[in-house]
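# Coordinate inspection notes
One-letter residues, chain by chain:
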Amino acid sequence: MADAPMLLGWVIIYVDDPPAVREFYMGAFGLQGGFVAPTGTYAELDTGATKLAFAAYSLGEHNFDGGVRRAEPDGRPANVEIALVADDVDGAYARALEAGCTSLSEPTDEPQGQRVAWVRDPFGTLLELATPL
């Protein structure tokens, strides 16, 4: 009997203050809140089938030796991006900048028919804002 395929359950971004980052995403992008650990070291957003979560750097250090590399607020983004899908990328981009994100690429039309933009949140995370593919 073959093993059942794995599913993506959640994506975790390590940050200094998970509840504060959760609140930022709720305000900046209209995402719905989810579980928050009583210790404040973990917080989720309800983004559908896959949760977007934030964990404290201290939790990473607890989970495995050395923890994770901290996100940099400037310079080249890290090797992971979070894509948030919206019908109105221009509006989402404007709201992201107003909320405190930094522009990396203004909204543009791509050959595959998508409209996309890239920003970096105030915590160093790379975000793609895109219409559905």
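Rules behind the numbers
- Residues numbered from 1 in each chain as written.
- Predicted model: local features only at pLDDT ≥ 70, side-chain atom pairs only at ≥ 80, totals over all residues.
- Heavy atoms only, no water.
- Pairing = 2+ DSSP bridges.
- Helix = DSSP H or I, 4+ residues; strand = E, 2+ residues; numbered from the N terminus.
- Axes fitted to C-alpha atoms, helices over the stretch in contact; angles between N-to-C directions.
- Contact = heavy atoms within 4.5 Å.
- Phe/Tyr/Trp six-rings, centres within 6.5 Å; stacked < 30°, edge-to-face > 60°.
- Buried < 20%, exposed > 50% of the residue type's maximum accessible area, 1.4 Å probe, protein only.

Right, let's talk about the sheet that holds strand β1 (residues 10-15) for a bit. Spatially, β1-β4-β3-β2 is the arrangement adopted by the four strands of the open sheet, whose pairing is mixed. Each end of this open sheet is capped by a strand with a single partner; those strands are β1 and β2 (32-36). Taking the axes of each pair of neighbouring strands and ignoring which way they run, one obtains an average angle of 25 degrees across the sheet. As paired elements, strand β3 (residues 42-46) and strand β4 (residues 51-56) share four bridges and run antiparallel to each other. Note on β4: the bridge partner recorded for Tyr42 is Ala55. The strands touched by helix α1 (residues 18-29) within the sheet are β1, β2, β3 and β4, with β3 carrying the most contacts at an inclination of about 20 degrees.

Across all of its chains, the model carries six aromatic pairs by this definition. Between Phe24 and Phe29 the ring centres are 6.4 Å apart and the planes differ by 80 degrees, which places this aromatic pair in the edge-to-face class. Of the two residues, Phe24 and Phe29, neither departs from the other in class, the shared state being buried. Taking 5.4 Å as the distance between ring centres and 50 degrees as the angle between the ring planes, the aromatic pair formed by Tyr25 and Phe29 counts as tilted. Residue Tyr25 and its partner Phe29 are both found in helix α1; the two are separated by four residues, about one turn of the helix. The residues Tyr25 and Phe29 share a single accessibility class, namely buried.

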